[in-house]
Amino acid sequence: MDFAFTAEHELIRKTVREFAAREILPTIKENDRNQVFDKTLLPKMAEAGFLGVSVPVRYGGAGFDYISLGILSEELEYADTSARVIISVHNGLNSLGVFQWGTEEQKQMFLAPQARGEKIAAFCLTEPDAGTDVVALRSVARKDGADYLISGEKMWISLGDVADHFLWFAKTDPQARPAHQGISAFMVTRDMKGVTSGSIHGKLGVRAGNTGWVHCDEVRVPASHRIGAEGEGFKIAMSCLDNGRYTVAAGALGLIRASLDASLAYAHQRKTFGVEIGQHQLVKRMISLMVQRVEAGRLLVYRAGWMKNMGMRNTRETTLAKWYCTDASFDSANDAIQIHGAYGFSDEYNPERFLRNSKGAVIYEGTRELQQLIQADYLLGYREDKPLRCELPPYDPDSWQEG
Amino acid sequence: MRYLICVKQTPDTAELPKVKPDEAASGNLSIQLVVNPWDEHALEAGIQMMETFGGAASAITVGGSGAVETLRSALAMGCKDATLVANTDADAWGVATLLAAAIQKMGDVTVAITGQMTVDGNSGALPVALGRKLGWPVISGVAKVLAASADSVTVERVVGQARHTVQVAAPVVLSVIKEIGEPRYPTFINIRKAARVEIPTWSAADLGVAAPAPVVQMTNWRKPPARDAHVQLFGGAPSEAAAALIDALLAEKVL
Ligand SMILES: Cc1cc2nc3c(=O)[nH]c(=O)nc-3n(C[C@H](O)[C@H](O)[C@H](O)COP(=O)(O)OP(=O)(O)OC[C@H]3O[C@@H](n4cnc5c(N)ncnc54)[C@H](O)[C@@H]3O)c2cc1C
Ligand SMILES: Cc1cc2nc3c(=O)[nH]c(=O)nc-3n(C[C@H](O)[C@H](O)[C@H](O)COP(=O)(O)OP(=O)(O)OC[C@H]3O[C@@H](n4cnc5c(N)ncnc54)[C@H](O)[C@@H]3O)c2cc1C
């Protein structure tokens, strides 16, 4: 067993930390308060290589491993959840989905410009009346000659009003039984006629992030934009979530650390009854719980990353990491507020933002309840992973570097 | 044209207060080591020159084997190659002796670039000693490089409240100040490239010089008494004052 990060991993961590200190932290409070998505962040992240971190060089990426993707997510969310969300949808949910399921031609056409950050990618699964129950989605893709005509409405789409490429799930066979076999995946691009989008405001958290709706009205999509075979859409969506959830889990780990660091600093600074509040046992308890969550979360997250590197199926492990870390980030932010007393109740300090940001991840990419059902179903024998037609490629330090 | 950036591995400024006197005396530090923050500006200067005037930016350090990490950081920022000169007990004069010998061995260095000082030694003596050893002119306080060719370099330097524009024949030693530019953070692509660059290690013998004996002897190490809170007032319009305050807090790594 080897629990060590490499020197290169550490350099990545340092780079992302410096990036966040310079590009995110100075403006985050204001952007969060005013619900402003900082569009200048995307080209900067592209230039730094973040948007293609764990994509091979020949597809426009930096050719790092999946652990590096976790580190990137962790350090970005240490600063703010909105920045990590970009990585979750652009890298995790969309790009790695194309990497896993796309043809060579589609990897050149979609993955390469996404990895270089020339095109921004989103993931369009949820609809106004279909969230956890994915199979209830109503988008349809009707065959029309060599093309498909897609109509439907997607809701709660991160980067929905910003992205260029939308990985869109629609029913090619609305009558299919079982119904999930009627779903297919398509890459819809913003320049196609009939695509419209808008932003959703008034969110509890991730207020500096863009979340929107996307509408397709009889959008003509060439068959070359269909990812995977007809009817494979559900499996593709689940593969994408295996990667998206990993970044969410890693990000939540960063958020726990942020709550812990804020709490440690404040516990030394604030005095009651003549001593630093860190001296009180009940405060120690809150701090120690956060430490426990950081350490347990780290093991769960990076085990999942390691399994991805090795090419092992990791749905169970990733789901567990996502469930644990997101719940733990909510609890930690809650404790951080408590430690800060009334100051924690104010946006003068960060923990209230941490709490608001943490809640979303307990809902998106599969609610906490769904993650619990998955864990139980594995053990009860109601659920079993079958080999996929296309598996996520394992990390290869040599071939991933070839141009 | 080669711009050779001389960098040193130093303690992280945030960790400096943790250094104990006996550690400082022995040089065996148990704390986090980073690229000397002033040298990050030197790296930025050299990489900018490479981008603007052509040529290659290279990094060099004198240190122990751990100092390779500093060179990897320099490569990750964009330097094309890097060299380690193995030595752990030279003083500024000794380091200058080794660097000068390395520069002569390389043969194609047009500009040697240093930071203003180090956060551990704080002497600021190195650029001057290096110029002396090489017999090259030294320009300190460089805030901007206006032109660079194989024959000459034109820079703007800050002297108190004044600014000089200086043209000087190359080769030359430049010691740069913060104003030269915010050090860039490494791109992921460069981190990857950096991991693959072979970093040669040269000993004093490889350079054909005797390992220099320190001429400076530190006879006492002690910690200054804890200082009172440091007060700084930021003037100007509220938006300017706020921007200056944010800069100061970032520089102090508070934010
Ligand atoms: C900030 C944010 C960003 C998002 N970004 C995206 C995105 O980029 N792309 C995308 O496609 N979607 C995105 N979503 C949508 C998100 O994935 C859904 O909100 C999530 O899947 C839950 O669906 P729902 O909101 O419709 O809740 P519902 O499915 O209506 O669930 C309501 C409640 O019922 C519970 N529940 C439902 N079914 C069961 C069951 N069988 N057993 C037990 N409990 C159950 C749920 O756990 C939940 O508590 C985002 C959401 C948010 C908040
Ligand atoms: C919305 C709001 C309205 C308010 N309205 C009023 C008002 O109308 N009138 C008024 O007078 N006040 C008011 N308050 C102030 C409130 O009563 C204080 O915030 C509260 O008493 C806690 O004090 P503190 O914020 O200074 O936290 P601190 O006392 O600094 O406590 C910080 C942390 O240390 C913990 N701690 C402190 N001492 C110990 C110990 N001995 N053992 C274990 N843990 C300890 C605390 O539990 C907390 O987690 C209000 C606060 C809020 C948020």
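Residues numbered from 1 in each chain as written. Chains lettered and ligands numbered in written order. Predicted model: local features only at pLDDT ≥ 70, side-chain atom pairs only at ≥ 80, totals over all residues. Heavy atoms only, no water.

> Tell me about the packing of helix α1 (residues 7-23) of chain A against helix α4 (residues 66-79) of chain A, and name the residues and values.
All names here are of chain A. Between α1 and α4, whose axes approach to 9 Å, the crossing angle comes to 25°. Here α4 runs roughly parallel to α1, going by the angle between their axes. By crossing handedness, the relation of α1 to α4 is classed as right-handed. Contact with α1, carried on its side by H9, I12, R13, V16, R17, F19 and A20, involves I67, S68, I71, L72, E74, E75, L76 and A79 of α4 and no other residues of that element. A per-class count over the contact of α1 with α4 returns nine nonpolar, two polar and four charged. (Axes fitted to C-alpha atoms, helices over the stretch in contact; angles between N-to-C directions. Helix = DSSP H or I, 4+ residues; strand = E, 2+ residues; numbered from the N terminus. Parallel < 35°, antiparallel > 145°, perpendicular 65-115°, else oblique. Left-handed = near helix turned anticlockwise from the far one by under 90°. Contact = heavy atoms within 4.5 Å. Nonpolar A, V, L, I, M, F, W, Y, C, P; charged D, E, K, R; others polar.)

> For unusual backbone geometry, give the residues involved together with the corresponding values.
At the junction of A:R177 and A:P178, the peptide bond is cis and its omega measures out at -5° in the coordinates. Mapped onto the fold, A:P178 is located in the loop between β4 (165-171) and β5 (183-189). Residue B:P171 follows B:A170 across a cis peptide bond; omega there is 0°. With respect to the helices and strands, the residue B:P171 is situated in the loop between β9 (162-169) and β10 (172-176). If you check the backbone angles, A:Q35 has positive phi at about 60° while not being a glycine. Checked against the element boundaries, A:Q35 lands in the loop between α2 (25-34) and α3 (41-48). Of note, the phi angle at B:N122 is positive, near 60°, even though the residue is not glycine.

> How would you explain the site of ligand 2 if you had to name every residue and give the values?
All names here are of chain A. In the region of ligand 2, the neighbouring residues are R270, T272, F273, I277, H280, L282, V283, Q338, I339, G341, A342 and F345. The contact in question runs from an oxygen atom of ligand 2 to an N or O atom on the backbone of A342, over 2.7 Å. About the coverage of ligand 2: the protein hides 44% of its 970 Å² of free accessible area. The set of elements that each furnish at least two residues to the shell around ligand 2 consists of α8 (281-310), α9 (315-339) and α10 (341-344). The residue inventory of the shell around ligand 2, partitioned by class, reads seven nonpolar, four polar and one charged. (Near = heavy atom within 4 Å. Polar contact = N/O pair within 3.5 Å; in protein donor to acceptor, adjacent residues only side chain to side chain. Areas by Shrake-Rupley, 256 points an atom, 1.4 Å probe, with all protein chains shown as cover.)

> Report on the site of ligand 1, specifying residues and quantitative values.
Residues and elements named next belong to chain A. Neighbouring residues of ligand 1: 15 residues in total, closest T126, T132, W156, T367 and E369. A distance of 2.8 Å separates a nitrogen atom of ligand 1 from a polar side-chain atom of S158. Contact with the protein chains hides 63% of the accessible area of ligand 1, taken as 980 Å² for the molecule alone. Looking at the shell around ligand 1, the elements that each hand over two or more residues are β3 (147-158) and α12 (368-380). Among the domains, domain 2 (122-233) and domain 3 (235-400) are the pair contributing at least three residues each to the shell around ligand 1. (Domains from an automatic or database assignment.)

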